[in-house]
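For reference, the chains in residue letters:
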Amino acid sequence: MATELRACVVCGGPLEHALLKDGYELVRCTSCGMLMRRTLPAPAELESIYAAGYFAHDPANPVDGYADYLADAERHRETARRRLGLIDRFVSGRGRLLDVGAAAGFFVAEATRAGWRAEGIDIAPQVVDWGRRELGVELRLGGLASLSDEGLGAVTMWDYIEHSLDPAGELAKARQLLAPGGVVALSTGDLGSLAARLSRSRWHLLTPRHHNFFFSRTTLLDLLRRSGFAPAWTGHPGARYSLAHIAYKSLPDAVANRMAASRLGRRSLPVNLFDIVTVVARKA
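Quick summary incoming for the structure in this document. On a predicted model such as this, the values are computed, not experimentally measured, just so you know.

**Some remarks on the sheet that holds strand S3 (residues 24–29)**
At step 1: With antiparallel pairing, four strands are arranged side by side in an open sheet as S2-S3-S4-S11. The open sheet terminates on both sides in strands that have one partner only, identified here as strand S2 (15–21) and strand S11 (213–214).
At step 2: Pairing geometry for S2 and S3, over six bridges, is antiparallel. For lysine 21, the partnering residue across the bridge sits in S3 and is tyrosine 24.

**Details of the environment of arginine 132**
At step 1: Structurally, the position occupied by arginine 132 is in helix H5 (residues 125–135).
At step 2: Note on arginine 132: relative accessible area 38%, which makes it partly exposed.
At step 3: Along the sequence, arginine 132 and glutamate 110 sit 22 residues apart, while their C-alpha atoms lie 14 Å from each other.
At step 4: In contact with arginine 132, other than residues within four places in its own chain, are Val137, Leu139, Arg140 and Leu141.

**Some words on the side chain of threonine 188**
At step 1: Counting through the fold element by element, threonine 188 comes out in strand S10 (residues 178–189).
At step 2: We classify threonine 188 as buried; its relative accessible area is 1%.
At step 3: Polar contacts involving the side chain of threonine 188 include one to the side chain of glutamate 162, which spans 2.8 Å.
At step 4: Excluding its chain neighbours within four sequence positions, the residues that come into contact with threonine 188 are Asp159, Ile161, Glu162, Phe215, Leu220, Asp275, Ile276 and Val277.

Conventions we followed
Residues numbered from 1 in each chain as written. Predicted model: local features only at pLDDT ≥ 70, side-chain atom pairs only at ≥ 80, totals over all residues. Heavy atoms only, no water. Pairing = 2+ DSSP bridges. Helix = DSSP H or I, 4+ residues; strand = E, 2+ residues; numbered from the N terminus. Buried < 20%, exposed > 50% of the residue type's maximum accessible area, 1.4 Å probe, protein only. Contact = heavy atoms within 4.5 Å. Polar contact = N/O pair within 3.5 Å; in protein donor to acceptor, adjacent residues only side chain to side chain.

Here it is as structure tokens:
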């Protein structure tokens, strides 16, 4: 059953209508400015929301997901290695790591290669099955609430928390699973960034079919502190994206489709709009 939000998920403040986007009502907290969907999708809807078309563009049934998630494997691995280097600055030793929203498990594969005892969890069966079969990584199908494996050294949520149905509850669960001194590392769009403020309703991450919550750096840090974490590092690092994905996000379908089918589409460029915030926080 769908859930209608009555109060802010960060501070509990009252909500007011903000805007309509793609047929979804977005509301804003009058106390902290947090933006979110008024009505969250029912758990039963998630399978269709994150169906195959989310991970590979289908011109006949377009959704705002990935041009071709699996084809960009090396870009995902490159980003994973950079993120693992960041985590290494805040942990002593490489113990057990859980990646929430792991998709096909490229981050899990790179973490395992780096010496972590890593596993991932995701709700999309098609990419979980692919990762188990093709990468040989430990992936579970389901949600974070189903886990009870305490003593983790790190929990990661890369570009995940905006998709969550209960971000405060999932951060509390992550804290429960972490060992003393463990860290949570996550990234999400930054609503307070210059790019987001200039783009307003056209911001490329304002996609309420898939994103339920739109954090700023300030609201994200506030939620982490309220959830029992002490932020240790924040930043806006960029990443490399394939030209096919850049075209998919910014050009008409006809052009993007030609780019995706070409050898040029597999080439990549460094991109940083400084509108994706990354945080590492310790269990307080």
